[in-house]
Amino acid sequence: PPPVSLSSLHVDDLRVDGRGCEDYRHMEIETDVVSNTDGSAKVSLGHTDILVGIKAEIGKPRPMVPDEGYLEFFVDCSANATPEFEGRGGEELGVELSNTLYKVFNNRHSLDLRSLCICPGEHCWVLYVDVLLLQCDGNLFDAMSIAIKAALFNTRIPKVHISEDEEGVKEIELSDDPYDCMRLNVENVPCIVTLCKIAHRHVVDATLQEKACSVASLLISVTHKGMVTCVRKLGRGSLDPDSIFEMTETGKRVGKALHAPLMELLQKEESLGKKRQKVGFLA
Amino acid sequence: MPVDTKRVRGPDESQSPLVFLPPTAQTCEVLRRPGDRGKGDVRPLFARCGLVSQAKGSAYIEAGNTKIMCSVYGPRETERKDDTDMKSGRLVCDVRLAPFSCQKRGAWIQGSEERDLSLALSESMQPGVCLHRYPRSQIEVNVMVLENDGGVLAHAVTCASMALADAGIEMYDVVLGCALRQDGDSCLVDPDFSEERGSWQAGYGENQGRVTVALLPNFNQVSGLHADGEMREDTLTAAVRTCMDGCHKLYPVVQQAILRAVKRKAPPPEK
């Protein structure tokens with residue numbers, strides 16, 4: 001791969017495509033792209049395209065936490081994205097991505113799971129979050145987490161009513177009005193920031209070229225309050241503790257700054273309502 | 001779906017009786033750690049090499065009730081040959097949790113948690129092994145967790161390094177692992193299973209998390225870092241530092257165990 005100019009990284013904070021070390025590529029987000037889902041979003045970050053679809057189904061709550069619903073994550077790396085994913089090649093990466101998502105959401109504050117409960121111990125909403133990689137050009141984790149946050153914002157869960165008849169048999173009734181839905185509070189949903197260590201500096205949103213030059217990266221997921229929900233070191237190299245602390249600080253700063261513009265964009269898109277121009281998949 | 005009315009079927013899904021415990025028994029406040037351990041103390045480690053006679057190298061570790069064994073096979077010829085394999089070797093790590101190891105019975109098919117642990121172990125071990133000395137070969141590291149009493153990834157890392165050293169695989173340094181549980185403002189080093197899981201009520205508190213660090217002690221390089229939960233950044237930084245100290249505390253025990261194994265395999269000449 002063509003070499004990244006290290007002196008320009010150190011001195012001028014300039015990368016091959018002209019970005020600074022902490023700049024993201026051009027990002028496009030669109031929600032409500034798939035009509036069969038309860039919530040969906042498509043994110044393009046440079047040439048990386050990720051599509052997330054969320055379907056809500058009624059299931060049984062987990063035995064240890066009877067008053068909560070839960071989320072299930074599946075990531076599919078299909079051969080559409082790159083030829084390396086042909087057959088079972090993409091399965092390992094898919095498992096790694098979904099395991100990371102479970103870790104990112106493995107805390108009480110990201111999503112209020114108690115709001116997903118219908119009847120404690122018997123029925124709850126299970127949100128199946130399916131992530132599809134359409135195109136891969138580096139930085140899958142970041143794009144994926146933004147797409148999930150947008151899709152969760154877009155999710156409309158139908159309101160259900162539990163009625164009990166004389167024999168005590170419970171029945172679930174869906175309301176007749178298709179627009180009578182519950183929305184999720186996605187304020188605390190974290191976003192992932194991946195920092196790649198190249199020589200002595202670290203860069204945010206690395207392209208595939210830059211990734212090839214780095215031996216180790218740090219993945220950090222940050223909420224809008226600056227709380228860290230997941231940290232992982234990726235790659236085959238080792239990191240100096242000081243680098244880790246520096247990268248954590250940068251990751252927290254960049255991650256925290258992502259949330260406000262994202263929420264603004266999502267709310268603006270929603271407020272356009274029917275007048276919104278749908279871009280779809282061809283652009 | 002046709003229902004079989006002639007036979008009495010058991011329940012489709014069976015559950016552990018622990019789920020039915022009254023809530024007070026589940027949310028026990030851990031004020032004092034069992035065994036009078038301080039918050040910053042690691043559990044005493046029992047480590048031995050050379051357990052499995054068929055393997056090139058093996059190791060067994062016991063920390064509290066966590067029992068982990070590891071065997072190393074290799075270097076063997078690789079099955080797949082691509083460009084990267086021509087220049088350096090491959091490290092293939094496989095972590096298995098025995099079905100009886102956790103409170104809830106596990107399945108024999110490798111689940112997502114085991115795949116996650118295998119990937120984490122492989123990422124933590126790779127910086128420590130001199131893979132460029134074994135081109136076109138692969139080294140297999142198989143870790144079997146016999147009993148899970150907390151800190152599985154951390155102790156698996158330590159166990160795997162000892163097994164690799166016992167197998168005579170060239171390494172830059174031993175890789176040691178240490179786990180930590182952050183509970184509000186206090187941190188518990190080397191948590192056992194109940195401390196690691198915490199009570200589900202405590203999960204609603206602030207600053208809850210688990211951190212595992214894999215360290216190369218002589219170079220002071222971090223080869224693996226895994227954290228989850230929800231913590232402030234400064235708490236996380238302090239937790240990583242504490243884990244690194246915990247790793248340094250383990251080093252003498254591991255060194256002694258490896259030396260003992262080497263002396264047994266190649267005894268010093270009689271004077």
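Residues numbered from 1 in each chain as written. Chains lettered and ligands numbered in written order. Predicted model: local features only at pLDDT ≥ 70, side-chain atom pairs only at ≥ 80, totals over all residues. Heavy atoms only, no water.

Here's the deal with the overall build of chain A
Our working rule: By definition, any uninterrupted DSSP run of H or I lasting at least four residues is a helix, any uninterrupted run of E lasting at least two residues is a strand, and each is numbered from the N terminus. Each residue gets one of three labels from its accessible area relative to the maximum for its type: buried under 20%, exposed over 50%, partly exposed in between, using a 1.4 Å probe on protein chains only. Any two residues having at least one pair of non-hydrogen atoms within 4.5 Å are treated as being in contact. Note that accessible areas follow from Shrake-Rupley with a 1.4 Å probe, and for residues the cover is restricted to the protein chains shown.
Scanning chain A for helices and strands turns up five helices and 14 strands. Buried residues in chain A amount to 53% of all 283 residues. Within chain A, residue pairs in contact and separated by at least 24 positions form 69% of the contacts whose partners lie at least 6 positions apart. Looking at chain A as shown, the accessible area adds up to about 13,400 Å², and 52% of this sits on carbon and sulfur atoms.

Re the interface of chain B and chain A
Selection criterion: Summed over both partners, buried area is the accessible surface (1.4 Å probe) that two parts give up on being assembled. By salt bridge we mean one thing: a side-chain nitrogen of Lys or Arg within 4 Å of a carboxyl oxygen of Asp or Glu. Here a polar contact is recorded for every N or O atom pair within 3.5 Å, except that within protein the pair must consist of a potential hydrogen donor and a potential acceptor, and residues adjacent in sequence are included only if both atoms are side-chain atoms. Polar here means any residue other than Ala, Val, Leu, Ile, Met, Phe, Trp, Tyr, Cys and Pro, which are nonpolar, and Asp, Glu, Lys and Arg, which are charged; Gly is therefore polar. Any two strands with at least two DSSP-identified bridges between them are counted as paired.
Listed per partner, the contact involves 39 residues of chain B and 36 residues of chain A. Summing both sides of the interface, chain B and chain A together bury roughly 3,600 Å²; the carbon and sulfur share of this comes to 53%. Taken together, chain B and chain A are joined by four salt bridges. Its salt-bridge partner being B:Asp116, residue A:Lys103 comes within 3.1 Å of it at the nearest N-O pair. The tally of links between chain B and chain A comes to 16 residue pairs in polar contact (both at pLDDT 80 or more). Elements supplying a minimum of two residues to the side of chain B that touches chain A: helix 3 (112-125), strand 9 (221-231) and helix 6 (233-265) of chain B. Among the residues making up the side of chain B that touches chain A, the classes are represented as 13 nonpolar, 15 polar and eleven charged. Of the pairings in the sheet, the one linking strand 14 (residues 228-235) of chain A to strand 9 of chain B comprises four bridges and is antiparallel in character.

Focus on unusual backbone geometry
Here the bond from B:Gly74 into B:Pro75 is cis, since omega is -5 degrees, no more than 30 degrees from zero. With respect to the helices and strands, the residue B:Pro75 is situated in strand 3 (residues 66-77). Here A:Asp32, not a glycine, exhibits a phi torsion of approximately 60 degrees, which is positive. As for its position among the elements, A:Asp32 is in the loop between strand 1 (27-31) and strand 2 (39-45). Its identity is not glycine, yet A:Asn139 carries a phi of approximately 60 degrees, on the positive side.

Observations regarding the pattern of salt bridges
A side chain with one charge can pair with a side chain of the opposite charge if their charged atoms come near. Enumeration over the complete set of coordinates arrives at 26 salt bridges over all chains. Among the ionic pairs, A:Asp137 bridges to A:Arg25, the shortest N-O distance being 3.2 Å. Pair noted here: A:Asp137 is in the loop between strand 6 (123-135) and helix 3 (140-154) and A:Arg25 is in the loop between helix 1 (6-12) and strand 1, with a separation of 112 residues, a long-range link. Among the residues examined, A:Arg25 registers a relative accessible area of 11% and is labelled buried. For the salt bridge of B:Asp228 with B:Arg210, the shortest nitrogen-to-oxygen distance reads 3.2 Å. In this pair, B:Asp228 sits in strand 9 while B:Arg210 sits in strand 8 (residues 208-216), placing the two residues 18 residues apart along the sequence. The exposure class of B:Asp228 is buried, given its relative accessible area of 9%. Judged by relative accessible area, B:Arg210 falls into the partly exposed class, the value being 23%. Salt bridges sharing common partners tie together A:Arg15, A:Asp17, A:Arg19, A:Arg25, A:Asp137, A:Asp205 and A:Glu210.

Some words on the sheet that holds strand 3 of chain B
Residue and element names in this part refer to chain B. Worth spelling out the cut-off: Axes here refer to lines fitted to C-alpha atoms; in helices the fit is confined to the stretch in contact. Angles between the N-to-C directions go from 0 to 180 degrees.
Sheet architecture is open: five strands sit in the order 1-2-3-5-4, paired in mixed fashion. Looking at which strands have only one partner, the edges of the open sheet turn out to be strand 1 (45-49) and strand 4 (90-97). Adjacent strand axes in the sheet meet at a mean angle of 15 degrees, parallel and antiparallel pairs treated alike. As defined by bridge partners, strand 1 adjoins strand 2 (residues 57-63) across five bridges and the pair is classed as antiparallel. In the strand pairing of strand 2, Ala 47 is matched with Ile 61. Relative to strand 2, helix 4 (residues 152-166) is tilted by about 150 degrees, and along the sheet it contacts strand 1, strand 2, strand 3, strand 4 and strand 5 (137-147).

Topic: the confidence of the model for chain B
To keep it simple, the criterion reads: Per-residue confidence from the predictor is given as pLDDT, running between 0 and 100.
Averaged over every residue, the pLDDT of chain B is 84; the share at 70 or more is 83%. The least confident element of chain B, judged by mean pLDDT, is helix 1 (residues 23-26) of chain B at 52; the most confident is helix 4 of chain B at 95.

What to know about the environment of B:Gly177
Checked against the element boundaries, B:Gly177 lands in strand 6 (residues 176-183). Measuring from C-alpha to C-alpha, the distance between B:Gly177 and B:Gly151 comes to 8.8 Å, with 26 residues separating the pair along the chain.

Things to note about the nonpolar core
Note the threshold: By nonpolar core we mean a set of buried residues, namely Ala, Val, Leu, Ile, Met, Phe, Trp, Tyr and Cys, connected to one another through side-chain atoms within 4.5 Å.
Residues A:Ile148, A:Leu152 and B:Val211 are the most contacted members of the largest nonpolar core, which totals 129 residues. The leading source of residues in this core is helix 6 of chain B, at twelve residues. The contacts of A:Leu152, once residues within four sequence positions are left out, are A:Ile54, A:Phe105, A:Leu111, A:Leu127, A:Leu184, A:Val186 and A:Val189. In terms of nonpolar packing, the next biggest core, distinct from the first, is built from five residues, A:Cys21, A:Ile198, A:Val203 and A:Ala206 among them.

Thoughts on helix 3 of chain B
Residues and elements named next belong to chain B. Worth spelling out the cut-off: A helix is expected to span 1.5 Å multiplied by its residue count minus one.
For helix 3, spanning 14 residues, the distance from its first C-alpha to its last is 20 Å, which sits close to the expected 20 Å at 1.5 Å a residue. For helix 3, the buried fraction is high: ten of the 14 residues fall into the buried class. Residues of helix 3 that are buried include every one of Glu 114, Asp 116, Leu 117, Ser 118, Ala 120, Leu 121, Ser 122, Glu 123, Ser 124 and Met 125, and no others.

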